[in-house]
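Overview (structure and organization)
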Amino acid sequence: MPDLPLARAVRWDTVVGALLVVLLLASFSFVDGFGNALNLSFLLGNTLPIALIALPMTLLVVAGEIDLSVASTAGLSGAVMGSLWNAGMAIETIIPLCLVLGVLCGLVNGLLVTRLGLPSLAVTIGTMAAYRGIAQIILGSDAVTDFPTQYLDFAAGRIGDTFLPYAFLPFLALLAIAVVILHATPFGRSLFAIGANEEAARFAGIRVRRHKLWLFVATGLMASLTGVFWALHYASARYDNATGLELSVVAAVLLGGIDFDGGRGTLGGAIAGVFLLGALQNAMSLLNVSAQSQIVVTGILLVVSVLGPRVARQIGTARAGRQATTPSH
Amino acid sequence: MREPPVLAVEGLDKSFGAVRALHGVSLQLHAGEAHALAGENGAGKSTLIKTLAGVHRPDAGTVLIDGEPVTLHGPADARDAGIAVIYQEPTLFPDLSVAENIFMGRQPRRSLGRIDHKAVNAAAAALFARLGVDLDPEQPARGLSIADQQIVEIAKALSFDARVLIMDEPTAALTGSEVARLFAVVRTLREQGSAILFISHRLEEIFGLCQRVTTLRDGALIASEPVEGLTEDDLVRRMVGRDLDELYPKQDTDIGAVALSVRRLTREGVFTDVSFDVRRGEIVGLAGLVGAGRSEVARAVFGIDRRDAGTVEVDGRALVNGAPSTAMAAGLALVPEDRRAQGLVMGMSIERNIGLTGLRTTARAGLMDRRAERSRSLDWAVKLQVKYARIADAVGTLSGGNQQKVVLAKWLATGPRVLIVDEPTRGIDVGTKAEVHRLLSGLAADGVAVLMISSDLPEILGMADRVLVMHEGRLTAEIPRTEATEESVMAAATGRVA
Amino acid sequence: ATACGGTTKDSAKDDDAGTSSHAKADPGAATKKGLKVAFLPKQVNNPYFTTADKGGEKAVTELGSTYKETGPNSATDTSGQVSYVNTLTQQQVDAMAVSAQDPGALCTALKQAMKNGIKVVTYDSDTKPECRNAFVSQASAEALGRTQVQLLGEQTGYKGEIAILSAAQTATNQNTWIDFMKDELKKPKYKDMKLVKVAYGNDDAQQSFQQTQGLLQEHPKLAGIISPTTVGIKAAAQYLSGSKYKGKVALTGLGTPNDMRKYVKNGTVEGFELWDPAKLGELAARTAVALSSGQITGKEGETFKAGAMGTFTLGKDGVIDLGKPTVFDRKNIDDYHF
Amino acid sequence: MTVTAQPPAPAVDPDKAGGTRLVDRVFKMRELAILLVFLVMIAVTQAGNSEFLSEQGIKDLLLNATILVLVATGQALVVITRNVDLSVGSTLGISAFAAGDFLHGGGNSLVAIVLAVALGVGCGLLNGALVSLGQVPALVVTLGTLYVIRGIDSIWVGSRQITASDLPGGYVDFGSGGISAVPYLALIALAVLIAVAYYLRHFGGGRELYALGSNPEAARLAGIPVRRRILAAYTACGALAGLAGALYLARFGNVDSATGNGYELTVVSAVVVGGVAFTGGSGSVYGAALGALLLTSINSVLPALGVSSVWVLAINGVLLVLAIAVDRVVALRVAEALKKRNARHA
Ligand SMILES: Nc1ncnc2c1ncn2[C@@H]1O[C@H](COP(=O)(O)OP(=O)(O)OP(=O)(O)O)[C@@H](O)[C@H]1O
Ligand SMILES: Nc1ncnc2c1ncn2[C@@H]1O[C@H](COP(=O)(O)OP(=O)(O)OP(=O)(O)O)[C@@H](O)[C@H]1O
Ligand SMILES: [Mg+2]
Ligand SMILES: [Mg+2]
C-alpha cells in the first residue's frame, strides 16, 4: 500500500541537513575549541574515509545491493601499498596498482552477485574476510610507516592555516561527480528503478546486471582509494587498517535516509549523515563525553532518525482521522 | 418488506490527499443477489471495496451489517463478519504453497492446535476441482502466471463460505472457459444465499451474472438499478456520461514487409517450435487458454528469458539472445501482462515511470533533460487519458486501470516499429478500451507491426488481421480475419483440431 | 630525483627535522603543579589499562596536577585513537600518556601535539621514537621474553614440543618478546624443547579458545604453551581446565592474578608472570610530569626521581624500564589483587 | 494450469505420486547443500588429522557451535519476517554479564539463567516494539539499539570483569561437561532448535511468520496480526540471545564489557549461509543452525589442519563464499531438474 501523499511532506534528507546545520551552529557557539581551524581540519580529515566510501555505497544501496567488504578492500590496498613500498617500488607506480587491485576486488564481488545471482550481503560478508585475510598474508605483522613526506603531508596536512585539508578538495570533486551520476544521468535514474523493482527495470530494457557490476567496481575502486588515503593520512600501512569502517559507513548512510530496501535516497542526505555523525563525535569528545556515552548517543540518534518522522506522521494522521470521524458520531 | 441488506454503506466519503475518491456513496447488498459495480477507471470502485473490507477507514459515512452500523478496524474484522474479498491485485505469499495461501490463518487443526497439512492440501485440491482447474496445491505461489494467481485468489475467497463475496475484476486475466466455470460456482453460492458484489469492465459479464448494477462516476453515485431492462449502451452512458464510439475501430491498412520474424523458437518445458511472422501494418492476435505459453513466447522474443533454440529477427536483423536492450534498440517494444511486477515501479512518479523507457533518447550530452522527459510523459499520459492529480504523484496511487494506461504510455512513447502487447486492456474501462484500440489501429496504419496477446476473445476477433492460436506450448492454428470466429479459435485453443 | 623517475623507499630518506626540543634538561628544576595530564590507553574499560591508569591517577593527584582519562572503546579502532590525540591537542593538555594501538598511525597526530608544546609519554606500547618524548616500558622486552621460556622449561622438565599463543599478528610488543623467546630456546639447556608453532588468537576469547583446540589437535604431543597475552592465557586456561588436557599440558605466559587465580588453584596452571600495571601507570605519570617540569627532555642518560619508586635513567631512544616482572604461583597469588 | 475437458482433475497414480513427493522433498531441502559442504569439510579434516574426530574433538566442535546456533536460530525467526536484529551481540554481552554479576554475588545458577533470558526478552521487546509499532526499517533501528545496548553495557560494566573464579564451580563445569562426546550445552541448543522448527512448521503462528515475511501487505489484508507476530519474533530472538549469553558465561567463564562485540556479523553470516533469505519468507532454522555449525567448524578445521594463523582469515572468507556459491549452484541445478521433470509440455 503506497503511503498517503501527505505523509511524505517532509523529506528526511533535508531534515538531516538541517540537523547538521543546527549541530554545527551549536558546536561553534558552545563547544570550546570546536570552531578552531585546526580542530575542523581534524574533523574533516578523520571523517574523509567514511565520506569517500559513502559515495559509491549510496549508489549501490539505491540499486538495492550492499558491499560490506569495503573496509577490507581498503585494508588490502593499504597492505599491498606497504609491501610494494618495502620492495622498493616507486609510490607513483604503487598507487595506480592499488587502485587496479580495488577494481579487481569490486569485480569479484560484482561477478559473484550478478553472474551467480548470490545475495550481495552474503557475498560481501565472505569477501570481507577473504580480502582482509589476503592483506594479512601479504603484509603479515609489518607496519609500514616511512612513506614519502610530500605524500604524507598531502594526506594529513591542511591548506595554510585554514580548516581545509588538502585532501578535501579532491573529495569535493568526487562528490560532485557522484551527485551528477546519481541524480542527473540516465544511469542514476536506472539505479532507482533497479532498486525499487528490478524486474520492471529489466522489462524496461535497463541492463540491470551490467549496471550493478559497474557499481561494485566503482565501490572497489573508491574503497582502495580510501585505503591508500588511510595509509598516508595515518602514515601507517597495516593489514588491519580501516577495520570496522563498513559499519560506520552503513550507519552514516542509513542516518542520511538511504533506504536499504533500495530505490530511495539522495547523496546529499548520505553525506549530511556522514558529517553529522563525524561532527557529533568530535563535539562530544571535546566536551569530554566518554566513549561509552558517545556510543549510546549515536545509537539513540539512529533510532530517533527513523522513528521521529514516523511518529510525527502518525500523530498527524491520527489527528486528521479524529477530525474526520468526529462529525459522524 | 425485504430483509435488511446483508451489507450496506451510507453516505460514504473517502479522500486521498486532494483526491476525492468517494463522496456520498450508498450501496446495499442483499442475500441471494449478485450486484455489479460499474464505472470508469478511477471512478472509485476499488476504494469502495477496500472500505467494505476494512482496509480503508471512511472519512465519513457508515458501514452496516444486517442493518447494524459497525466500525471495521481492519481486514480481520471484515473477515470475521463473513465478508470475503478478492482484491484487484493478487495478494499472495510467493514463498508459501498454493494451499497454504488459500488457508492462511484458517488451517484445519489437529490436536494441540497443530496444523493438519494433509487436510489443507486436500481441501485446496477439492476447491480446484470445483473450479475445474489443474493446479498443484503444494506448488509455491511464486512463478504463477497472473491468471493462475487470480484463480488462487478466487479459490481463497470461495473457501470462506462467506455471506458476502466481493470480487474486484476477478476475470480480467481469465479466458472465456474459466470465466464460465467461475460464474457457475458463483451462481451456486448466490442460490445458497450469499450476497455477491462484482466488478468487471467486460459489460457482457455484468449482464451475464448480475441482477443489480450500481454505477459510479468520479467517486459519486450515478445510479443503482436492476440489470433487467438495461442495455449495454445505457450502462456505458451512465459510466462515461456520453455515447460510446465503436469499441473495435479496426482500420484497413496496407500490409507491408515482414517486420518480426520468429523461427522455431523453443524454451524447454515451456513452449516448443514456435514460428510466425508479423508484417508492417498488420495486427496479429495471439489467442489461447490461460497457461498456453503466450506470455512466455513474448518474453522470449523480447529477450527477458533466454531462448533454448530458434531465432528472432526484426526487420531482417537477428536479435541477441536474452538482451532486451538490444531488442529495444532494434525497435521492439513489449507491454508486459503483469503491471505490478513487470510494468511499473510503484513508488516512482507517473512521469518517471513513463520516462524509464526513454532514458537514452531524452538525455542530452549524457545528462537527463527533465523538461524533455516531462513533456514526453505528459503527452502520452494525456493521449491515453490517464486520470491523475499530479504527474509527479507515485504511480502506486493510481487506480488499477490507470496504472495499466501508464504501462501502455511507457511503451508507446518509444515509438516502436514492432509492438507486442500482452493483455493490453486488462482492467481498462470500455471508454478507454476503445481509445486504446483506436491507438493500436492507428499505429498499424502507420506501418507498425503489432502482436496482440489477449484473453478477451472479442477483442482479438475485433482487432486482429490474423489470429494465431496456442495450445500447451505449441502453435496450433493460424486463422485469417475472415475465418476467425469464437468457435474456430476455441477449437484450436483447446486442441480439438489438428 | 631518482633513477626510475618515482619516489621510492630509497629516495625518500628521512628528512624529518628532529622534534625533540633543543632545551637542555635541568634535573634540579622544581616539579610543576597544576598540570593537566591525560591518559590515553589503547582501550578504555579494559581491566589491565584501568589498573594502569588508576596508578597514573594516583601519582598525578599526588603531584598536585589534574588527571583525566579518555580513549576509544575498542582496541583496534586506530583512527578513533588518533581522534582522541587530536582532541587532547585541541584541549591543550600539558602532557599525555599514550599506549599506542599502532606504532605509526599515531605519529602525525602526536607530532602535531608536540608541536603544540604537549609532552608525550608512551607506555605499554610504543610508537616510533621520534613521535614521543619518552617510552615507559613494562619490563625490558628481553627479560620478558626469556623469563617466560625459563618458566615453561621448569614446568615441562625442559622437554617436549611447545607452542606460543600470541595476540594479533601485528602486536609489536608480543612480536619482540617472541623473538627473544626463540633466541632463548637456542641455548643448549633447551635442546630437547622444540617450538612447533606460533598461533594468533587476536586477543579475542573465542578465537584464542579455538586456536588452543587447534594446537592440541594438530600436535597431540604438545607439552606446553606460552601465551604472552592476558586474554590468550586466560582463554587457553579455560579450555585446558575443561578438557582432558588439564594438568597434562603446561601453560604459562603473561596473565593477571585475578584472571588466573582459579586455574592456578585447580591445577591447570603452575605459574605465570606479569609486571604490576599500576606501577607502570604511576611511572608513566611521573615521567610525564618530569618532562613537563623540564627535569628531563627524553635524551639517553638523563635521570629523574620518581617518588617512592626510586630513580630512573633514560635508556637508548628515551626508553625507561619498569623492572623485572613478578612470577605468580600457588604460594603468592593470593597476595595480589588486580 | 490448464482447463481440463472433464471437470474432475486427472487422477495420478497415487503410488507414483507419493514416491516422487518424497524425492522432491529431499531434493528441495535447501539445507542439503550446506550439509554436504559441511560433511566434506569434516571428512577432509579427519583425513588430514585423525585427532580431529576424537571424543574431545567432537565435543569441542559441538561446544563451539552451540552458542552461535542458539543466536542464529533466533535471528532466523526475525529474518523470516523480513526484518533483522543486529543488536543480538550486544544483548548477548549484557545478559552474560548480568548473569555473571548475579552469580558473583552468590546467586543461584538457574535463577541466573532465567535472569539472562529475561534481560534478553527485554531487549527483544524493545526492538520488536520499535520496529513493529513504529513500522520503521529494522536495519536502522537495531543498528541503533546495538549501539545503545552496547553503550549501556559498557557504562554499567566499566572495567569490571567476571572470571571463572567468580562463578560457582558447578556452573563452569556444566559449561564444559557433557554425556561422553555430547556437551550439555549442545543438548540445550538442539532442544531449542527442534522446538522452534516444529513451531514454525506446524503451528499457525509459525506459518504466519513466513506469510508476513513473504508479502507484508498481503499479510495485513489476510488479517494476520502483523505487529504482534513481529513483536513475538523479536522477543524470541532476544530471549535466545539472552540464553546464549548465560551459556557463553558457562562456557568461557569470562565476561567483560566487550563480550559479544561484533557478534552480529557472525550471526548474520550463519543465517545467510544457512539459506535464510533476507527478503523474508523462506529458509528454515535448521538451515541457520547448519550455517552456524559450518562457520564455527571452519574455525576449528583450519587450526586442526595446522594451517598457519596467517592464512586462516583468508581461507575462512574464501570458504564462506564457496559455500554460498555451491549452495546456490546446487539449488539452481535441482530447481532446473525438477522443472524439466514436471514440465507440462514435455
Ligand atoms: N492509496 C491511494 N493514494 C492516493 N490516491 C488513491 C489511492 N488509492 C486510490 N486513489 C485514487 O482514488 C481514485 C479512485 O481509485 P480506485 O482504485 O477506487 O478506482 P477504480 O474505480 O477501482 O478504477 P479501476 O477501474 O481503474 O480499477 C483514483 O483517482 C485513485 O488515483
Ligand atoms: N515468471 C514465471 N516463472 C515461472 N513460471 C511461469 C512464469 N510465468 C508463467 N509461468 C508458467 O508458465 C506457463 C505458461 O504461462 P504463460 O503466462 O506464458 O501463459 P499465457 O498463455 O500467457 O497465459 P496467461 O498469461 O493468460 O496465464 C504457465 O503454466 C505459468 O504458470
Ligand atoms: Mg480498481
Ligand atoms: Mg499471459
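Above this note sits the structure.
Residues numbered from 1 in each chain as written. Chains lettered and ligands numbered in written order. Predicted model: local features only at pLDDT ≥ 70, side-chain atom pairs only at ≥ 80, totals over all residues. Heavy atoms only, no water.

1. Describing the overall build of chain D
Along its length, chain D carries 14 helices and 2 strands. Across the 346 residues in chain D, those meeting the buried criterion constitute 60%. Here the analysis covers contacts within chain D between residues at least 6 apart in sequence; of these, 78% occur between residues at least 24 apart. Here chain D has roughly 12700 Å² of accessible surface; of this, 68% comes from carbon and sulfur atoms. (Helix = DSSP H or I, 4+ residues; strand = E, 2+ residues; numbered from the N terminus. Buried < 20%, exposed > 50% of the residue type's maximum accessible area, 1.4 Å probe, protein only. Contact = heavy atoms within 4.5 Å. Areas by Shrake-Rupley, 256 points an atom, 1.4 Å probe, with all protein chains shown as cover.)

2. What to know about the pattern of salt bridges
Going through the model one piece at a time under the given rule, you end up with 48 salt bridges over all chains. Between E351 of chain B and R374 of chain B there is a salt bridge; the shortest N-O distance is 2.8 Å. You can see E351 of chain B sitting in helix α12 (residues 350-355) and its partner R374 of chain B sitting in helix α14 (residues 370-383), a full 23 residues away along the chain. For the salt bridge of R261 of chain C with D334 of chain C, the shortest nitrogen-to-oxygen distance reads 3.4 Å. Taken together, the residues R261 of chain C in helix α8 (residues 257-265) and D334 of chain C in the segment after β14 (326-329) connect sequence positions 73 residues apart. The network of salt bridges with shared partners includes E142, R146, D183, E184, K186 and K187 of chain C. (Salt bridge = Lys/Arg side-chain N within 4 Å of Asp/Glu carboxyl O.)

3. Section: the sheet that holds strand β14 (residues 309-314) of chain B
All names here are of chain B. Pairing in this open sheet of 4 strands is antiparallel, and the strands run β12-β11-β14-β15 from one edge to the other. Two strands in the sheet have a free side with no partner beyond their single neighbour: β12 (271-279) and β15 (317-318). The sheet contact formed by strand β11 (residues 258-267) and β12 spans 6 bridges and is antiparallel. In the strand pairing of β12, R267 is matched with F271. With respect to the sheet, helix α9 (residues 294-302) is in contact with β11, β12 and β14, its orientation differing from that of β11 by roughly 110°. (Pairing = 2+ DSSP bridges. Axes fitted to C-alpha atoms, helices over the stretch in contact; angles between N-to-C directions.)

4. Overview of the environment of M181 of chain C
Residue and element names in this part refer to chain C. Locating M181 in the fold gives a position in helix α5 (residues 172-185). Judged by its relative accessible area of 1%, M181 is buried. Separated by 40 residues in the primary sequence, M181 and A141 place their C-alpha atoms 10.0 Å from one another. Among residues more than four places away in sequence, those in contact with M181 are G145, Q148, V149, I164, I226 and P228.

5. Things to note about the interface of chain A and chain B
With 26 residues of chain A at the interface, the matching set in chain B holds 36 residues. Here chain A meets chain B over a buried area of about 2600 Å², counting both sides, of which 62% is carbon and sulfur. Among the ionic pairs, E373 of chain B bridges to R189 of chain A, the shortest N-O distance being 2.5 Å. Going through the elements one at a time, α7 (168-184), α8 (186-196), α9 (198-203) and α13 (291-325) of chain A are the ones with two or more residues in the side of chain A that touches chain B. A total of 6 residues in the side of chain A that touches chain B trace back to one element, the largest contributor, which is α8 of chain A. Split into classes, the residues belonging to the side of chain A that touches chain B amount to 14 nonpolar, 7 polar and 5 charged. (Buried area = accessible area lost by both parts, 1.4 Å probe. Nonpolar A, V, L, I, M, F, W, Y, C, P; charged D, E, K, R; others polar.)

6. Structural notes on the site of ligand 1
All names here are of chain B. Every one of the 20 residues lining ligand 1 counts as a neighbour, but G42, K45, S46, T47 and G401 are closest to it. The backbone of G44 places a nitrogen or oxygen atom 2.9 Å from an oxygen atom of ligand 1. Within the contact set of ligand 1, an oxygen atom lies 3.0 Å away from a side-chain nitrogen or oxygen of Q88. The protein chains hide 93% of the 630 Å² of surface that ligand 1 would expose on its own. Taken together, the elements giving at least two residues each to the shell around ligand 1 come down to β2 (19-29), α1 (45-52) and α15 (400-412). Across the shell around ligand 1, the residue classes break down as 5 nonpolar, 12 polar and 3 charged. (Near = heavy atom within 4 Å. Polar contact = N/O pair within 3.5 Å; in protein donor to acceptor, adjacent residues only side chain to side chain.)

7. Some points on the nonpolar core
F147 and F171 of chain A together with M96 of chain C are the most contacted members of the largest nonpolar core, which has 316 residues in total. With near-sequence residues (within four places) excluded, F147 of chain A lies in contact with M81, G82, W85, I91, L152, A231, L232 and A237 of chain A. Judged by nonpolar contacts, the second largest core, of 66 residues, contains V312, V406, L408 and A413 of chain B. (Core = buried A, V, L, I, M, F, W, Y, C linked by side-chain atoms within 4.5 Å.)

8. Description of the site of ligand 2
Taken together, 16 residues lie around ligand 2, and G291, R294, S295, E296 and E337 of chain B are the ones closest in. Near ligand 2, the surrounding residues belong to chains B and D. Within the backbone of G293 of chain B, an N or O atom sits 2.9 Å from an oxygen atom of ligand 2. E296 of chain B is positioned such that a nitrogen or oxygen atom in its backbone is 2.9 Å from an oxygen atom of ligand 2. For ligand 2, whose accessible area on its own is 610 Å², the fraction buried by protein is 80%. Counting residues per element, the ones that place at least two in the shell around ligand 2 are α5 (146-159) and α9 of chain B. The dominant element in the shell around ligand 2, judged by the number of residues it contributes, is α9 of chain B, at 3 residues. A class-by-class count of the residues in the shell around ligand 2 yields 5 nonpolar, 6 polar and 5 charged.

9. Looking at the coordination of the magnesium ion (ligand 3)
Residue and element names in this part refer to chain B. Within the protein, S46 (OG) and Q88 (OE1) serve as the donor atoms for the magnesium ion (ligand 3), at 1.9 to 2.1 Å. One end of the pair, S46, is in helix α1; the other, Q88, is in the loop between β6 (83-86) and α3 (98-103), and 42 residues separate them in sequence. Across this residue pair, the class does not change: S46 and Q88 are buried. (Donors = N, O, S within 2.8 Å, 3.2 Å for Na, K, Ca; no water.)

10. Structural notes on the coordination of the magnesium ion (ligand 4)
All names here are of chain B. Donor atoms from the polypeptide that bind the magnesium ion (ligand 4) are S295 (OG) and E337 (OE), placed at 1.8 to 2.4 Å. Of this pair, S295 sits in helix α9 while E337 sits in the loop between β16 (332-335) and α11 (339-343), and the two are 42 residues apart along the sequence. Each member of the pair S295 and E337 is classed as buried.

11. Points about the sheet that holds strand β1 (residues 36-40) of chain C
In sheet architecture, strand pairing relies on hydrogen bonds along the backbone and comes in two forms, parallel and antiparallel. Residues and elements named next belong to chain C. Pairing within the open sheet is parallel, and its 6 strands lie in the order β2-β1-β3-β4-β5-β13. Strands with a single pairing partner mark the edges of an open sheet, and in this sheet they are β2 (66-69) and β13 (319-321). Going across the sheet, the axis of each strand differs from the next one's by a mean of 20°, ignoring polarity.

12. Thoughts on the side chain of T212 of chain C
You can see T212 of chain C is positioned in helix α6 (residues 205-218). Those residues in contact with T212 of chain C that sit more than four places away from it in its chain are L165, I225, A236 and Y239 of chain C.

13. Considering the interface of chain A and chain D
In many analyses, interface size is given as the accessible surface area lost on bringing the parts together. At the interface, 39 residues of chain A touch 40 residues of chain D. Interface of chain A and chain D: buried area, both sides summed, is about 3300 Å²; carbon and sulfur atoms make up 82% of it. The tally of links between chain A and chain D comes to 0 salt bridges. The tally of links between chain A and chain D comes to 0 residue pairs in polar contact (both at pLDDT 80 or more). Mapped by element, the contributors of at least two residues to the side of chain A that touches chain D are α4 (91-116), α5 (120-139), α11 (245-255) and α13 of chain A. Considering only residue class, the side of chain A that touches chain D consists of 26 nonpolar, 11 polar and 2 charged.

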